[in-house]
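Below, each chain spelled out in residue letters.
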Amino acid sequence: LKGLKWYTVCFTIDSIDYSNGSEGQNPPFDGYEELWFSSLDELKEAFNSNIMKDELSDITNNKFKDPKLFHGLWAEGNIIKMKGLISPPKQKGCYRIFGGCKRRQGMTKKDLKDWYYQHAARVIDEKGRMIIPEIIGYTHNFLIDESPFGPPLVDAYCNNWWNSLAEMKKTFASDVWKSQLEDREDHLDAFDKSLFIGALAEEHIIEI
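All values reported here derive from a predicted model rather than from experimental measurement.

Rules behind the numbers
Residues numbered from 1 in each chain as written. Predicted model: local features only at pLDDT ≥ 70, side-chain atom pairs only at ≥ 80, totals over all residues. Heavy atoms only, no water. Buried < 20%, exposed > 50% of the residue type's maximum accessible area, 1.4 Å probe, protein only. Helix = DSSP H or I, 4+ residues; strand = E, 2+ residues; numbered from the N terminus. Pairing = 2+ DSSP bridges.

A. Just the pairing of strand β6 (residues 156–162), in detail. In terms of burial, β6 is a largely internal element, seven of the seven residues being buried. Here β6 shows a buried face lined by Ala156, Cys158, Asn160 and Trp162 and a second buried face lined by Tyr157, Asn159 and Trp161. Two strands pair when backbone bridges link them, and strand β4 (residues 95–101) and β6 are joined in this way by seven bridges, in the antiparallel orientation. Residue pairing in the sheet places Ile97 in a bridge with Asn160 of β6.

Here it is, written out as structure tokens:
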């Protein structure tokens, strides 16, 4: 597939609890994959290729095309650069959080982007390092309007990576993480909890 830089498949293992202790909503998917390209032009070329058309036909033939079973989107990927981090991480066997948000009423795309970036800034110290030691990668991804998959499940999503499930759970027990969840609730969930979709996932890197 011309232009493909990175390809992962992630299988969900749990939802994310809200910071007030209530149960998180069940993620509306059992797995998700990401294909990364260097530019939108390369993505479009790949999407219109016979290879991709065959792959999309395979989804239809296996009866996954139902909107209740399959969602897709094109997104602009933004790596949150921090000293000491390589993102996306190259390590195999990582665990991830997918944290996706839809815009609340009256919220512009810029508002949502600004919120994501201030959310990230909360965990970066004055030297440019991640203050949560277990996290090994961080990206933001923002919906591209011309995405051909129909109404999006989310308008933006972030990914955080950990080396292991144990490291992830260590982060979850920290005050910093609780503060991040509260920040999300204050700015998004307080309006409508259905705006947030969270999932924990086990990542598999596809060798190319």
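From this point, the discussion proceeds with the structure in view.
B. Highlighting unusual backbone geometry. The amide bond that connects Ser87 to the next residue, Pro88, takes the cis arrangement and shows omega of 0°. Mapped onto the secondary structure, Pro88 falls in the loop between β3 (75–79) and β4. With a phi close to 65°, Lys63 is a non-glycine residue in the positive phi region. Here Lys63 lies in the loop between α2 (50–61) and β3.

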